[in-house]
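Residue-level structure breakdown
As a plain string of letters, each chain reads:
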Amino acid sequence: MTDLYKKSSSSRVTLSQLMLPSHSNFSGKIHGGYLLSLMDQIAFACGSKFSGRYCVTASVDRVDFLNPIEVGELVTLKASVIFVGNSSMVVGIRVEAQNIQTSKVKHCNSSYFTMIAKDEQGNNVRVPRLILTSKEEVLRFVKTTQRLKLRHSYAELCADFDGDMQQAIEQITANYQVQVQLASN
């Protein structure tokens, strides 16, 4: 069986939505959770478009909110598949907000969602291979491999602690502003 190859451009999805008062918190800024919901929707659409399959979110790499989004601004999310594994795809998402009156556009955040393609029974299914057609796409792919290596290193670092508890307590009390008061069992 030969693999199907697709260009990243075949996965591109753009979503624009006007931010309403119902999307905001008490200070008139858009809720981060609402924005995350929009990001998850576009990641699903992008991954499904590329793979031709139903997709689920496996992970989200770092979401830093760089600029607040105001009620009345037009938010545009742009997404494309930037990396593929066997059944997984990393979807890069850029979020911008535009003040409709001044036309000023600001970058609000960028994030990477890992989506998994599923068949009708819910099993993982192989996704098309990726054709990279620009230097920018090659750089995104390479940066994603680096982020994935860091994620795996971090997972190993955060594995269950099996060291000396007293040594750990001494280390954290010496280096951080914390007190340890363990209850007796």
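Residues numbered from 1 in each chain as written. Predicted model: local features only at pLDDT ≥ 70, side-chain atom pairs only at ≥ 80, totals over all residues. Heavy atoms only, no water.

So, the nonpolar core
- If you look at the biggest cluster of nonpolar residues, it comprises 29 residues, and the most contacted ones within it are I69, M89, I93 and V95.
- No other element matches the seven residues that helix α1 (residues 32-51) contributes to this core.
- Ignoring sequence-local partners within four residues, the contact set of M89 consists of G47, F50, S51, C55, V81, F83, V84, F113, T114, M115, A117 and V127. (Core = buried A, V, L, I, M, F, W, Y, C linked by side-chain atoms within 4.5 Å. Buried < 20%, exposed > 50% of the residue type's maximum accessible area, 1.4 Å probe, protein only. Helix = DSSP H or I, 4+ residues; strand = E, 2+ residues; numbered from the N terminus. Contact = heavy atoms within 4.5 Å.)

Thoughts on the layout of surface pockets
- Counted as a void, the largest pocket has a volume near 360 Å³.
- Sorting the residues of the lining of the largest pocket by element identifies β2 (13-18), β4 (74-84), β5 (88-98), β6 (105-118) and α2 (135-157) as the ones contributing at least two each.
- No other element matches the four residues that β4 contributes to the lining of the largest pocket.
- In terms of residue class, the lining of the largest pocket is made up of five nonpolar, six polar and six charged.
- Forming the boundary of the second largest pocket are D61, R62, D64, L66, N109, S110, Y112, R147, L150, R151 and Y154.
- For the lining of the second largest pocket, the secondary structure elements donating two or more residues are β6 and α2.
- Here the lining of the second largest pocket gets four residues from one element, more than from any other, and that element is α2.
- Of the residues that constitute the lining of the second largest pocket, the class distribution is four nonpolar, two polar and five charged. (1 Å grid on protein atoms, 1.4 Å probe; cavity = no way out; pocket = protein on both sides within 12 Å on 5 of 7 lines; lining within 4 Å. Points joined across faces, edges and corners; volume = space filled by probe spheres on them. Nonpolar A, V, L, I, M, F, W, Y, C, P; charged D, E, K, R; others polar.)

Focus on α1
- In a regular helix each residue adds 1.5 Å, so 20 residues correspond to 28 Å; α1 covers 28 Å between its end C-alpha atoms and thus fits that length.
- Of the residues making up α1, those classed as buried are L35, L38, M39, I42, A43, C46, G47, S48, F50 and S51. (Expected span 1.5 Å × (residues − 1).)

Some remarks on the pattern of salt bridges
- All told, the structure shown has 11 salt bridges when counted by the stated rule.
- R12 is the partner of E137 in a salt bridge, and the nearest nitrogen-oxygen pair spans 3.8 Å. Of the two residues, E137 sits in helix α2 while R12 sits in the loop between β1 (5-7) and β2, which places them 125 residues apart along the sequence.
- Of the residues examined, E137 reaches a relative accessible area of 7% and is grouped as buried.
- On the basis of relative accessible area, R12 is assigned to the partly exposed category, the value being 49%.
- Taking the shortest distance from any N to any O, the salt bridge between E96 and K78 comes out at 3.8 Å. Within this pair, whereas E96 is found in strand β5, its partner K78 is found in strand β4, the two being separated by 18 residues in sequence.
- The class of K78 is partly exposed, set by a relative accessible area of 41%.
- What emerges from the salt-bridge pattern is a single network uniting D61, R147 and R151. (Salt bridge = Lys/Arg side-chain N within 4 Å of Asp/Glu carboxyl O.)

Details of the sheet that holds strand β3 (residues 54-61)
- The strand order across the open sheet formed by five strands is β2-β4-β5-β6-β3, and the pairing between neighbours is antiparallel. The outermost strands of the open sheet, each flanked by one partner alone, are β2 and β3. Geometrically, the sheet is characterised by an average inter-axis angle of 30 degrees between neighbouring strands, direction not taken into account.
- Where β4 and β5 come together, 10 bridges link them in antiparallel fashion. Within β5, the residue paired with V84 across the bridge is M89. (Pairing = 2+ DSSP bridges. Axes fitted to C-alpha atoms, helices over the stretch in contact; angles between N-to-C directions.)

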